[in-house]
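Fold and geometry: a report
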There are 4 protein chains.
Amino acid sequence: MIVILKQHPETEKVNQLLHQLEEWGLSHHYSQGTLTTIIGLIGDTSKVDVDMLQANDIVETVKRVSEPYKAANRKFHPEDTVIDFGNVKIGGGHFGVIAGPCSVETPEQVIAVAKAVKQSGANFLRGGAFKPRTSPYAFQGLRAEGLELLMEARKETGLPIVSEIMSLEHLDLFADVDFIQVGARNMQNFELLKQLGHSGKPILLKRGLANTLEEFLMSAEYIMAGGNENVVLCERGIRTFETMTRNTLDISAIPMLKHLSHLPVIVDPSHATGIPWLVEPLSKAAIAAGADGVMIEVHNDPKKALCDGAQSLTPAQFDDTMKTVKRYMQFEEKIFG
Amino acid sequence: MIVILKQHPETEKVNQLLHQLEEWGLSHHYSQGTLTTIIGLIGDTSKVDVDMLQANDIVETVKRVSEPYKAANRKFHPEDTVIDFGNVKIGGGHFGVIAGPCSVETPEQVIAVAKAVKQSGANFLRGGAFKPRTSPYAFQGLRAEGLELLMEARKETGLPIVSEIMSLEHLDLFADVDFIQVGARNMQNFELLKQLGHSGKPILLKRGLANTLEEFLMSAEYIMAGGNENVVLCERGIRTFETMTRNTLDISAIPMLKHLSHLPVIVDPSHATGIPWLVEPLSKAAIAAGADGVMIEVHNDPKKALCDGAQSLTPAQFDDTMKTVKRYMQFEEKIFG
Amino acid sequence: MIVILKQHPETEKVNQLLHQLEEWGLSHHYSQGTLTTIIGLIGDTSKVDVDMLQANDIVETVKRVSEPYKAANRKFHPEDTVIDFGNVKIGGGHFGVIAGPCSVETPEQVIAVAKAVKQSGANFLRGGAFKPRTSPYAFQGLRAEGLELLMEARKETGLPIVSEIMSLEHLDLFADVDFIQVGARNMQNFELLKQLGHSGKPILLKRGLANTLEEFLMSAEYIMAGGNENVVLCERGIRTFETMTRNTLDISAIPMLKHLSHLPVIVDPSHATGIPWLVEPLSKAAIAAGADGVMIEVHNDPKKALCDGAQSLTPAQFDDTMKTVKRYMQFEEKIFG
Amino acid sequence: MIVILKQHPETEKVNQLLHQLEEWGLSHHYSQGTLTTIIGLIGDTSKVDVDMLQANDIVETVKRVSEPYKAANRKFHPEDTVIDFGNVKIGGGHFGVIAGPCSVETPEQVIAVAKAVKQSGANFLRGGAFKPRTSPYAFQGLRAEGLELLMEARKETGLPIVSEIMSLEHLDLFADVDFIQVGARNMQNFELLKQLGHSGKPILLKRGLANTLEEFLMSAEYIMAGGNENVVLCERGIRTFETMTRNTLDISAIPMLKHLSHLPVIVDPSHATGIPWLVEPLSKAAIAAGADGVMIEVHNDPKKALCDGAQSLTPAQFDDTMKTVKRYMQFEEKIFG
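This write-up is about the structure you can find in this document. (Residues numbered from 1 in each chain as written. Chains lettered and ligands numbered in written order. Predicted model: local features only at pLDDT ≥ 70, side-chain atom pairs only at ≥ 80, totals over all residues. Heavy atoms only, no water.)

At the junction of the two partners, chain B supplies 22 residues and chain C supplies 22 residues. Here chain B packs against chain C, burying approximately 1,800 Å² in sum over the two surfaces, 69% of which is carbon and sulfur. Considering only the surface of chain B that becomes buried against chain C, K63(B), V65(B) and F241(B) emerge as the three largest contributors, covering 20% of it. Summed over the shared surface of chain B and chain C, the number is zero salt bridges. Our enumeration of links across chain B and chain C arrives at zero residue pairs in polar contact (both at pLDDT 80 or more). At four residues, the largest contribution of residues to the side of chain B that touches chain C is made by strand β2 (residues 27-32) of chain B. Its residues placed into classes, the side of chain B that touches chain C shows seven nonpolar, 11 polar and four charged. (Contact = heavy atoms within 4.5 Å. Buried area = accessible area lost by both parts, 1.4 Å probe. Salt bridge = Lys/Arg side-chain N within 4 Å of Asp/Glu carboxyl O. Polar contact = N/O pair within 3.5 Å; in protein donor to acceptor, adjacent residues only side chain to side chain. Helix = DSSP H or I, 4+ residues; strand = E, 2+ residues; numbered from the N terminus. Nonpolar A, V, L, I, M, F, W, Y, C, P; charged D, E, K, R; others polar.)

See the structure below:
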């Protein structure tokens, strides 16, 4: 960590600051330039409160040099993390294909979609039971009943299930969900992340609409700091000025996250753009960029979907997409699941 | 609502669509252009699911014409909402000044700050008990104990208190908090918003870092749809490419929100930029743009603040700022509180 | 085009507006809703001035339904445009690899790099002679002399050359440049675009840092409206809040631009992130998403490059990258050049 | 400037780097931490090429500590710059009001508007002769003829005139224009900026849609480095995800630019939002935040304006706005012009 002082700091205040740093167990290099004075901090700065340093009136600015995350950091954990779901894995060359409807609606719908996506090659079934909708007047999901329908579909197909949790008071309802999703809007719901850190469940953490990669990794760190290391990161598009696609898929995030962290990284091309015919080219691009999986919305009748129908593929379209995805997986030598 | 069809739609599918619209109780005007065919929907479209229409394969795009929010909409409620806190009010010409530390730390600190800001003219005391910190290793707030310290400070000074709720499982702890804040990161924590809608408490809803004004009003609508109309909107800066300030204060949001909605709108210049010397010019600008209040961070010893010290004013700086704020309030003929 | 009127417009003003529309040769459908009145315009609206309609005080808003670009629009020109450079082509399955240094520095440098990139498989040589640098104190390029060095390198290697024009007063100097680049900062330098429209030269148009895809296509339209249809679009990253990469590569832009337009689309992974080791994964992703080419910075000694050295590959790194690019081209059945 | 090295750099490469720094006339402090090694550079680093350092393979990152602009920097020029136009001034307490139509259309229009805005208190007349329009099919301005009409209006009213230059080949035509505007789209048209640096004319430099404040000041530096110190900065809104206003006025830019630089700063509330009724509250906010002037679009018949009519005020609306502006100027003790 580097502390840059304002021009001509008072000697007494500098000494107080240096003294404080020593009390925190940090060595320092003091370096006075023509225009600027800088202090380099040496030692473990992960507990140093940047805000407190910044508030010192002789300090111009403070710059972190090392990453503020530890558990998620590849520097301290060079091997890829592999998340094990029993008969399926994600990470370390294992590729996961998560598919299913935006929201669970009826027993018929979820079982039909589950069978279809399994047939086409998906190895996880997704389905929303609790739905974060912008409007209070929109369909909010079947809630507990939705989770039960997913579990029935799992019984039918053997596919592990993925569903989004929106509040920690529903945690008990998710006891039997294989893979718990934290949505983009809750990426910084820190109380929820802490509780999930005490669970042993694999967590699918989606990047927030306007969150940096560092913030994304810090949210993973919240879960891991509680003892749960089973975190999968999901890039799902960020908010930019472009309006032709709903969000902007940050494709560079895939190799960058895998460089910075050992956690698996998957991509959600359905939410990234909201446009069904973009799912295939973006799935290909995601694999080419090194993703460990994709999550794709599939609905048996998109026209009648109770949410996000416009971005869902039909089972037939998903089947076509999977043919491409499989060729790419093979080309990239990914293990299926 | 306007539905724009793709080129050369099949007649049968068009008829199916028109039939569906009639079933939803909507009249329509069908208008065939050289290049495009459009259908104008007539009637109450607030319950129409845009996604479902968009998923129809003859539909190119769907455009809303009327706003998706009702309770928060000034069209249906032309008078300014005034929130009444007993001896203080916000809205309808009443100006609120909320001040206090980012986080509550010790009894001495909170009481000292409370007395100082009251003396300078604040009419609310803010203080964080539950703190949403990016890092799991940073100070997380005194939690329940912090709320108690705030209540003691209220007893000393008579100032109503404002504090942020981070999870609905803490709702009971906030039973005696006068004004409950929902932070930017929870603006779309819809389960929390719904519960707050069943409370009668005034809610201070902060705009999310990357949320549009329409989404902001829809989150207010969540609270109001539950029956709680005591919502104050707070503009606190949005995330942009500019890095010199922590966020970008969207000053236009003030007159725009007041145009679209009857709810009071306040501004948080401390979080908007993270730079203490910008608090005064931005407070002036906020009043000039029509704000109903400001929320300012004040700490007795910013250098030792356990969070966001760098952006806090000292009590002396706050006192100076208040002199300016009061002159502006007078000039703009705002009632104090 | 759809005109949405304000609530309760005066009949006389409505009649004036309808009369004006008829004078412009447009039919209209008038459709009065419970809350809103809309007018659908029928006919060729490409010449209608949206601003003028918007300024009418009974008009709430105006929404375009058809695209404002014609020459660049795939609807009116379904086949892929193929740009022919003699022995090399771009578009319609022909894949272009443009490589070379950010700026031309010495005869030795440019010839060494040209030979190296040709050997590795590039089919165009790029090199900056006029450099758009943020700082007036930074190296501004060798200018006319730089163009001459590029032409010598072309003589040596046979590679057609690509270089950026920064001002129309330099147009004569570019008479013998094969492929003229318009940089991101000049994407809306409309006077320059107009002049390039009168030239027959292939133009490499880069997307502006904060320009939408529609604006990008409108800038291509400026060139095409002048009679020059040889335009190649280049996605090179947009500006967002993320700071870990210099820009955010908008990968969805590739399939979207190819859907909307018949023009070839290439990708510049070097400028998109500014990080050399991201060039390979992003080149792969670009091909997977359907790009017609890539543009990659290569410098024989990045440490001593006079500009953007940090993002350049060495010839050896480029050679490795090309092995991957070629495998992907083969997999995607792209014709080389 | 601070150079942060990668972990475990080779000693020989470090020595080479330190040697290179010495050759550039820089002293350095070398500071080896547990995890990181940093080198602090001491001396004049304004000529150091950050890219070249960054490209060194033992370098992790390079951080600037001092600002890269000199001529525009308040540190080296503490007094406010005052631009003198003869009988009118801007800066140092002198407030400029620039008003007029988006584009010059007819002699009658420009003279009528000029007289009206002068009457209401404007002290500059603006009018576009060369118009940067997104579409090649939109009205492009009267060009040379438009400048002549402005000069006639100046003769009638005595108001100095402001008009936008789009290309340096038009420079001669602007010889008699009092105040030359560089538009947002040309903020980084560096060839144009350089030429304007050789002119003695006052330049009105508008901030680019997606340019940081540092880039904005660097563009001012381009003009100043050529010897022309008469630069006025204009904040006109930046591009963000919010769509309700055309751009987002960055109000914090005003105090921040005035803190960093001695140049005058004005605000264009018309372009910032594109909404006429926001001009008044935003003008008030601009003055409150410390602006040295405002630029407002006024058209005698916005409905028939050939460009941007929707955002123009009528002369009557402008007159009302000026009543407010004058009260605020008085309150803030600004000198008129």
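Here we come to the packing of helix α6 (residues 213-225) of chain A against helix α7 (residues 253-260) of chain A. Residue and element names in this part refer to chain A. Two numbers describe how α6 lies on α7: the axes approach to 11 Å, and their chain directions differ by 50°. One element, α6, and the other, α7, form an angle in the oblique class. Remark: the crossing between α6 and α7 carries right-handed chirality. For the pair formed by α6 and α7, the contact residues are L213, F216 and L217 on the first element and A253, M256, L257 and L260 on the second. Of the residues assigned to the contact of α6 with α7, the class counts are seven nonpolar, no polar and no charged. (Axes fitted to C-alpha atoms, helices over the stretch in contact; angles between N-to-C directions. Parallel < 35°, antiparallel > 145°, perpendicular 65-115°, else oblique. Left-handed = near helix turned anticlockwise from the far one by under 90°.)

Another aspect to go through is the pairing of strand β14 (residues 293-297) of chain D. Residue and element names in this part refer to chain D. Here β14 lies mainly inside the structure; five of its five residues are buried. Side-chain alternation along β14 places G293, M295 and E297 on one buried face and V294 and I296 on a second face that is also buried. Strand direction decides the pairing type here: strand β7 (residues 94-100) and β14, joined by five bridges, are parallel. Opposite G100, over in β14, you have E297 as the bridge partner. (Buried < 20%, exposed > 50% of the residue type's maximum accessible area, 1.4 Å probe, protein only. Pairing = 2+ DSSP bridges.)

Facing 47 residues of chain A, the contacting portion of chain B comprises 48 residues. Interface area, chain A with chain B, both sides summed: about 4,400 Å², of which 53% is carbon and sulfur. Considering only the surface of chain A that becomes buried against chain B, Y137(A), E191(A) and K303(A) emerge as the three largest contributors, covering 16% of it. Among the salt bridges present, the one from R239(A) reaches E215(B), with a minimum N-O distance of 2.6 Å. Counting across the chain A and chain B interface gives 18 residue pairs in polar contact (both at pLDDT 80 or more). The set of elements that each furnish at least two residues to the side of chain A that touches chain B consists of α2 (50-54), α5 (190-198) and α6 of chain A.

Tracing the backbone shows E235(D) in strand β12 (residues 231-235). A distance of 2.8 Å separates polar atoms of two side chains, one belonging to E235(D) and the other to R207(D).

In this section: the sheet that holds strand β3 (residues 37-42) of chain B. Residue and element names in this part refer to chain B. In spatial order, the strands read β2-β3-β1-β4; together these four strands make up an open sheet with antiparallel pairing. Looking at the sheet topology across the chains shown, the edges are occupied by β2 and β4 (59-63). Between one strand axis and the next, the sheet turns through 20° on average, direction left out of account. Pairing analysis gives four bridges linking strand β1 (residues 2-5) to β4, with the strands arranged antiparallel. In the sheet register, I4 faces β4, and the bridge partner there is T61. Lying over the sheet, helix α1 (residues 11-23) contacts β1, β2, β3 and β4, oriented at roughly 155° with respect to β2.

Next up on the list: the packing of helix α10 (residues 315-331) of chain B against helix α10 (residues 315-331) of chain D. At a minimum axis distance of 13 Å, the contact between α10(B) and α10(D) shows a crossing angle of 150°. The way α10(B) lies across α10(D) gives a crossing that is right-handed. The segment α10(B) lies against α10(D), with R327(B), Y328(B) and F331(B) engaging R327(D), Y328(D) and F331(D). When grouped by side-chain class, the residues that make up the contact of α10(B) with α10(D) number four nonpolar, no polar and two charged.

The next point concerns helix α4 (residues 144-157) of chain A. All names here are of chain A. With 14 residues, α4 extends 20 Å between its outermost C-alpha atoms, agreeing within 8% with the 20 Å of an ideal straight helix rising 1.5 Å per residue. The set of residues buried in α4 consists of G146, L147, L149, L150, M151, A153, R154 and T157. In this structure, the buried residues of α4 make contact with α3 (107-120), β8 (124-126) and β9 (161-165). G158 lies just past α4 and shows a positive phi near 80°. (Expected span 1.5 Å × (residues − 1).)

Let us look at the pattern of salt bridges. Residue and element names in this part refer to chain C. Tallied over the full model, the rule gives 75 salt bridges over all chains. Notably, a salt bridge pairs E191 with K194, separated by 3.6 Å at the nearest N-O pair. Within this pair, E191 and its partner K194 are both found in helix α5 (residues 190-198), separated by three residues, close to a single helical turn. In this structure, the salt-bridge partner of E235 is R207, at a minimum N-O distance of 2.8 Å. With E235 in strand β12 (residues 231-235) and R207 in the loop between β11 (203-206) and α6 (213-225), this residue pair connects regions lying 28 residues apart in the sequence. A relative accessible area of 0% places E235 in the buried class. Given a relative accessible area of 0%, R207 falls into the buried group.

All names here are of chain C. As summarised here, the arrangement of the four strands in space is β2-β3-β1-β4, forming an open sheet in which the pairing is antiparallel. Strands with a single pairing partner mark the edges of an open sheet, and in this sheet they are β2 (27-32) and β4 (59-63). Sheet twist, expressed as the mean angle between neighbouring strand axes with direction ignored, is 20°. Note: strand β1 (residues 2-5) against strand β3 (residues 37-42), four bridges, orientation antiparallel. Across the sheet, residue L5 finds its bridge partner in β3, namely T37. Where helix α1 (residues 11-23) meets the sheet, its contacts fall on β1, β2, β3 and β4, and the angle it forms with β2 comes to roughly 155°.

Comparison of the two chain copies shows a relationship of rotation about an axis with a shift along it. The transformation that overlays chain B on chain C combines an axial shift of 0.0 Å with a rotation of 180°, and the residual RMSD is 0.0 Å. As the rotation angle and translation indicate, the two copies are arranged about a two-fold axis. When each C-alpha of chain B is compared by its distance to the rotation axis, F241(B) comes out closest, at 2.2 Å. A symmetric contact is evident, with 100% of the interface residues of chain B recurring at the interface of chain C. (Least-squares fit on C-alpha atoms with pLDDT ≥ 70 in both.)

The transform that puts chain A on chain B rotates by 180° and translates by 0.0 Å along the axis, for an RMSD of 0.0 Å. Interface overlap between copies: 100% of the residues of chain A at the interface are likewise at the interface in chain B, consistent with a symmetric, same-surface contact.

A separate point is the environment of T61(D). Residues and elements named next belong to chain D. Within the element layout of this structure, T61 appears in strand β4 (residues 59-63). Judged by relative accessible area, which is 22%, T61 ranks as partly exposed. Sequence separation of T61 and T314 is 253 residues, and the distance between their C-alpha atoms is 53 Å. Among all residues touching T61, those that are not within four sequence positions of it are I2, V3, I4 and Q54.

Our focus in this paragraph is the state of the cysteines. Linking two cysteines covalently via their sulfur atoms produces the bond known as a disulfide. Residues and elements named next belong to chain A. Enumeration according to the criterion identifies zero disulfides over all chains in this entry. Sulfur of C234: no disulfide; nearest cysteine sulfur belongs to C102 and is 14 Å away. Relative accessible area serves as the criterion here: at 0%, C234 is assigned to the buried category. (Disulfide = S-S within 2.5 Å.)

With that settled, consider the environment of M187(D). All names here are of chain D. Here M187 is to be found in the loop between β10 (179-182) and α5 (190-198). For M187, a relative accessible area of 0% translates into the label buried. Each C-alpha atom, one on M187 and one on K304, is 29 Å from the other, the two residues being 117 residues apart in sequence. Those residues in contact with M187, other than ones at most four positions away along the chain, are V182, L193, L205, K206, R207, G208, N211, E215, F216 and S219.

Quick look at unusual backbone geometry now. The phi angle at R143(C) is positive, at roughly 60°, despite the residue not being glycine. Summarising the element assignment, R143(C) is placed in the loop between β8 (124-126) and α4 (144-157). Judged by its relative accessible area of 27%, R143(C) falls in the partly exposed class. Not every positive phi belongs to a glycine, and E333(D) is a case in point at roughly 55°. Inspection of the secondary structure puts E333(D) in the loop between α10 and β15 (335-336).

Our next topic: the side chain of Q140(A). Position of Q140(A) relative to the elements: it lies in the loop between β8 and α4. For Q140(A), the side chain forms a polar contact with the main-chain oxygen of A138(A), separated by 3.0 Å. Beyond its immediate chain neighbours, meaning those up to four positions away, Q140(A) contacts A129(A), F130(A), K131(A), R133(A), S135(A), K194(B) and Y222(B).

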